[in-house]
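Descriptive structure summary
The primary structure of each chain is shown beneath.
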Amino acid sequence: MEKTASADIESVDRVPHTFADSGGDAAATKSDQRLRELGYKSEFRRDMSLFGVLGISFCAIGILTGMSSAFQTGLFSGGPLGLFWGWNICSLFMLFIALSLAEICSAYPTMGGLYFWVCKMKPDIPMLGFCTGWIYSVALTFTGTSGNLSVALYLASLAEVGQGRTLTRVEIAAIAWGVNVASGIINTIGTKAIGHMSSFNLWWTLGGTFVLVITLLVKAPVKNSAEFVFTDYENFTGWSSRGFVVLLGFLQAVYTLEGCETAAQVAEEAKRAEVLAPLAVVGSIIGSWFIGLAYMLALLFSVQSIASVQGTSFAIPIAQLYYDAVGPKLTLMCLTVVALAQFMAAVTAFTASSRLFYALARDNAFPMKSRYMALNRFQAPYYGVWTSVLVGCIISCAYIGSTVAFNAILSSAAIAVMLSYLQPIIIRVFWPQTTLLERGPFTLGRWSWSINLASFLFTVFICVLFILPTASPTTALNMNYSIVAIGAVVLLVGACWAFWGRFRFTGPVKTVEGFGEANGDKLE
């Protein structure tokens, strides 16, 4: 039997909430009260602990998967020098972004995340919140689709290494469809299953990184020198500017580290969300920084031939690095470790997108409100889950026809995430005195504006870098079409606002009465 959790502004909960569904848990009760102060009735069970919420962000970042899938980008654009220094520089600035978002998250711990924060801080411009929510929902859905295709590519590489069989594009796309459906099934089971999986992924990432690092360093026949790892410059891009080539390698680090904010999407399912969610946002970046650094150094010390990786026939280039360094049998183990981590990361992206669809529908910013707010008996917003699955399967079809078109669609997801980060940070930079007047337990104090400014400048820089040509001379096959894809997304979202959103959406819709800003939003 399904529960429909919908409420219109004309029909709100006027009965004082006793927090009976929290089971007497004081932390959950406090989080439910804060949610009511923000205007929302608690609809989800608060089953997630710190490890569950932290695991969600770790899943979304996917340090093993992001590093493995995008490693060749940095290796061919700047080489070890660009990879090492780019990783540390980008990690520092991504930490600044995480701190900026965590401060807002602590004040507004709701599953709307970036979308709700923009609406709350700039209520006089509803279009800004609407567009942020839609662009971010596209980014999350595309990210999940990208992750599921990566799982298919890892499985294809396993078939190549283990059986010598090369899979066709149709077969890889079919596997991606299966992985999309599996992600949907797991998300339909609900909060507890996702919480357990994300906690498991946290330990899997730590243990898997340890195993991969030791395996690479012990089994690699030739260990590269420290001079090679920290100073060797490689350029397979065709560009002559050394500085620009190294900057292109930054994209690998940024792509890998996106996703820390995903903890906010499950804030309404976490105990003491105003503390745990911001801690997860920041902690996931710090942990990913150092775990990723250890894994990267192991890869750089053990890579046998950059040219071999560049010319590989395997479905995913990192498989060639493993194959050269540890041999076919251990390559199968390495690919399995990363593939499972990649699957859990993709599942988490659909978790976040379905919660965002729920939040948008709750505020009349998404069509079919009652259906997208419907929860099944496992407390899962299943309409949002299966919408993500459907979109993922459709986009995966593009891989059959053109990998160029498919890559353009998915690269737009990385830009869309950064654009979504940009909206709340812009507000905090240009309107610092009139936004976030109520603070949560996590606050940056006097460093808030400086950190927000650094985050703003870096985000703008990366958004520009993402759309620049990555190869020279530029041809129809190596053109960076992400500008076309993200432009199409922005135009689509703008059209949705112009022809539908501006008539329906005025800002967050309260589903409870009797609580609000007048009752004191400041948390102790």
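Just above, that's the structure.
Note that the structure is a prediction, hence the values are computed from the model and not measured. (Residues numbered from 1 in each chain as written. Predicted model: local features only at pLDDT ≥ 70, side-chain atom pairs only at ≥ 80, totals over all residues. Heavy atoms only, no water.)

Quick word on the overall build of the chain
Selection rule: Every helix listed is a DSSP run of H or I at least four residues long, and every strand listed is a run of E at least two residues long, numbered separately from the N terminus. Only C-alpha atoms enter the radius of gyration; for comparison, a globular chain is expected to reach 2.2 Å times N to the power 0.38, where N is the number of residues. Burial classes follow relative accessibility: with a 1.4 Å probe on protein chains only, a residue under 20% of its type's maximum area counts as buried, one over 50% as exposed, and anything between as partly exposed.
Check the secondary structure of the chain and you find 18 helices and two strands. For the chain, the C-alpha radius of gyration of 22 Å lies close to 24 Å, the compact-globule estimate for 524 residues. In terms of its C-alpha atoms, the chain occupies a principal-axis envelope of roughly 70 × 50 × 45 Å. Within the chain, the fraction of its 524 residues that count as buried is 60%.

So, unusual backbone geometry
Residue Pro473 is bonded to the preceding Ser472 through a cis peptide linkage, with omega at -5 degrees. Residue position: Pro473 is located in the loop between helix H17 (448-466) and helix H18 (482-504). If you check the backbone angles, Asn364 has positive phi at about 65 degrees while not being a glycine. Of note, Asn364 is situated in the loop between helix H13 (318-362) and helix H14 (369-372). A residue is classified by how much of its surface remains accessible, and Asn364, at 15% relative accessible area, is buried. Positive phi outside glycine occurs at Gln379, with the angle close to 65 degrees. Here Gln379 is to be found in the loop between strand S2 (374-375) and helix H15 (382-401).

Observations concerning the packing of aromatic side chains
Under the convention used in this document: To pair, rings of Phe, Tyr and Trp, with the six-membered ring standing in for Trp, must have centres within 6.5 Å; the planes then decide the type, stacked if under 30 degrees apart, edge-to-face if over 60, and tilted in the middle. Should the NZ of a Lys or the CZ of an Arg lie within 6 Å of a ring centre and within 35 degrees of the ring normal, that charge is described as sitting over the ring.
Throughout the structure, instances matching the rule amount to 23 aromatic pairs. Geometrically, the ring pair formed by Phe366 and Tyr372 is edge-to-face, given 4.9 Å between the ring centres and 80 degrees between the ring planes. Site record: aromatic cluster; members linked through ring pairs are Tyr115, Phe130, Trp134, Phe357, Phe366, Tyr372, Tyr382, Tyr383, Trp497, Trp500 and Phe505. Above the plane of the ring of Trp431 lies Lys122, whose end atom (NZ or CZ) is 4.0 Å from the centre. Across from the ring centre of Tyr233, 4.2 Å away, lies the NZ or CZ of Arg242, which sits over that ring.

What to know about helix H3 (residues 63-76)
As a reminder, the rule being used: Take the number of residues in a helix, subtract one, and multiply by 1.5 Å to get its expected span. One axis is fitted to the seven residues ending at the residue and one to the seven starting there. The bend at that residue is the angle between these axes.
In this model, H3 (14 residues) spans 20 Å end to end at C-alpha, consistent with the 20 Å of a helix rising 1.5 Å per residue. Ala70 marks the point of greatest bend in H3, at about 50 degrees. Among the residues trailing H3, Gly78 stands out with phi positive, at a value near 110 degrees.

Quick notes on the nonpolar core
Where we set the bar: The term nonpolar core refers to a set of buried residues drawn from Ala, Val, Leu, Ile, Met, Phe, Trp, Tyr and Cys, joined through side-chain atoms within 4.5 Å. Contacts: residue pairs with any heavy atoms within 4.5 Å of one another.
Within the largest apolar cluster, 161 residues are counted, with the highest numbers of intra-cluster contacts made by Phe71, Trp117 and Tyr322. The contact partners of Tyr322, leaving out residues within four places of it in the chain, are Ser68, Leu212, Leu216, Tyr295, Leu299, Gly327, Thr331, Cys334, Leu335 and Val338.

Examining a nonpolar patch on the surface
This is how the line gets drawn: Patch membership is restricted to residues that have no salt bridge and whose relative accessible area is over 30%. Joining uses 9 Å for like charges and 5 Å for the nonpolar side chains Val, Leu, Ile, Met, Phe, Trp and Tyr. Computed by Shrake-Rupley with a 1.4 Å probe, the accessible areas treat only the displayed protein chains as cover when residues are assessed. Salt bridges are counted wherever a side-chain nitrogen of Lys or Arg sits within 4 Å of a carboxyl oxygen of Asp or Glu.
On the surface, Val181, Ile185, Ile189, Phe378 and Trp386 cluster together into a nonpolar patch covering about 410 Å² of accessible area. For the nonpolar patch, the element with the highest residue contribution is helix H7 (residues 169-189), accounting for three residues. With respect to the helices and strands, the residue Ile185 is situated in helix H7.

Side note on the side chain of Ser91
Considering the arrangement of structural elements, one finds Ser91 in helix H4 (residues 79-107). In contact with Ser91, other than residues within four places in its own chain, are Leu257, Ile285 and Trp289.

By themselves, these are just geometric observations and shouldn't be taken as functional.
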